[in-house]
Amino acid sequence: AQTVTQSQPEMSVQEAETVTLSCTYDTSESDYYLFWYKQPPSRQMILVIRQEAYKQQNATENRFSVNFQKAAKSFSLKISDSQLGDAAMYFCAYRSSYSGNTPLVFGKGTRLSVIA
Amino acid sequence: GAGVSQTPSNKVTEKGKYVELRCDPISGHTALYWYRQSLGQGPEFLIYFQGTGAADDSGLPNDRFFAVRPEGSVSTLKIQRTERGDSAVYLCASSLTSANTEAFFGQGTRLTVV
């Protein structure tokens, strides 16, 4: 079974600075998808960024980018120019691509605080 | 609707009671998932529907938990003889059929068993 590990329960960053959230995963599959979700106090999970394992190029969405290291099974999220609205729980998630719509496997999350 | 809708937003019930949690997915989404998020944890998979049928119910913790989706849209998660350990946020998500499309989440139902 696949597992996702987030080793940083809490992180903080100064407004306008850059922060990196870590994620590692374990799988025997070669093709899969990786995600970062944001969960604000409203509880709704919001997709931040997605990476297909077959793509070597790291995904980027505005201020959010990832460092995907397939051999190391590492998938970190970098948030640039941090804003107060970025404060939330961040979850790394894995999805197999082998059998259609498989469920997401989540890590335990990292609580990000943004200091004004 | 515009997004995934879950009702109620919060539910407090007494130990031993029966509860139903409702999920209304995005129109046209055939895949529907239920997850359970305990305090301080990430969401854990419970059950996945493709259309009306449960394609994977391997995450249901025991036979007190059951879910239906009779018409392929709205789904109901049913918990019998609730226990204090069932207290959690229950999240629902829906997506189109292909694996690489985004799963959209509702705001969850916070269930508290007292």
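Just so it is clear, the model here is predicted, and its values are computed rather than measured.

**Regarding the layout of surface pockets**
The rolling of a water-molecule-sized probe over the atoms marks out the regions of remaining empty space.
Here comes step 1: Quantified by volume, the largest pocket comes out at close to 490 Å³.
Here comes step 2: What lines the largest pocket is a set of 22 residues, and nearest its centre among them are A:Gln39, A:Arg111, B:Gln37, B:Leu39 and B:Gly40.
Here comes step 3: Elements supplying a minimum of two residues to the lining of the largest pocket: strand E10 (88–96) of chain A together with strand E9 (88–95) and strand E11 (109–113) of chain B.
Here comes step 4: In terms of residues, the lining of the largest pocket owes the most to one element, E10(A), which gives three residues.
Here comes step 5: When the residues that make up the lining of the largest pocket are grouped by side-chain class, the tally is 10 nonpolar, seven polar and five charged.
Here comes step 6: Taken as a whole, the second largest pocket spans an internal volume of roughly 320 Å³.

**A look at the nonpolar core**
All names here are of chain A.
Here comes step 1: Core analysis: the largest hydrophobic core is formed by 25 residues, its most contacted members being Tyr25, Trp36, Phe75, Leu77 and Tyr90.
Here comes step 2: Taken together, the elements giving at least two residues each to this core come down to strand E3 (19–21), strand E5 (32–39), strand E6 (46–52), strand E8 (64–69), strand E9 (74–79), E10 and strand E12 (110–115).
Here comes step 3: At four residues, E10 tops the list of elements feeding residues into this core.
Here comes step 4: Other than its neighbours up to four places away in sequence, Leu77 contacts Val19, Thr20, Leu21, Trp36, Val48, Ile49, Phe64, Ser65, Val66 and Tyr90.

**Thoughts on the side chain of A:Glu52**
Here comes step 1: Mapped onto the secondary structure, A:Glu52 falls in strand E6.
Here comes step 2: In this structure, A:Glu52 is in contact with A:Tyr32, A:Tyr33 and A:Phe68, ignoring residues within four places of it in sequence.

**What about the sheet that holds strand E8 (residues 75–79) of chain B?**
All names here are of chain B.
Here comes step 1: What the four strands build is an open sheet, ordered E1-E3-E8-E7; its pairing is antiparallel. Lying at the two open borders of the sheet, with one neighbouring strand each, are strand E1 (5–7) and strand E7 (65–68). Neighbour-to-neighbour, the strand axes of this sheet turn through a mean angle of 15°, independent of strand direction.

Parameters and conventions
- Residues numbered from 1 in each chain as written.
- Chains lettered and ligands numbered in written order.
- Predicted model: local features only at pLDDT ≥ 70, side-chain atom pairs only at ≥ 80, totals over all residues.
- Heavy atoms only, no water.
- 1 Å grid on protein atoms, 1.4 Å probe; cavity = no way out; pocket = protein on both sides within 12 Å on 5 of 7 lines; lining within 4 Å.
- Points joined across faces, edges and corners; volume = space filled by probe spheres on them.
- Helix = DSSP H or I, 4+ residues; strand = E, 2+ residues; numbered from the N terminus.
- Nonpolar A, V, L, I, M, F, W, Y, C, P; charged D, E, K, R; others polar.
- Core = buried A, V, L, I, M, F, W, Y, C linked by side-chain atoms within 4.5 Å.
- Buried < 20%, exposed > 50% of the residue type's maximum accessible area, 1.4 Å probe, protein only.
- Contact = heavy atoms within 4.5 Å.
- Pairing = 2+ DSSP bridges.
- Axes fitted to C-alpha atoms, helices over the stretch in contact; angles between N-to-C directions.

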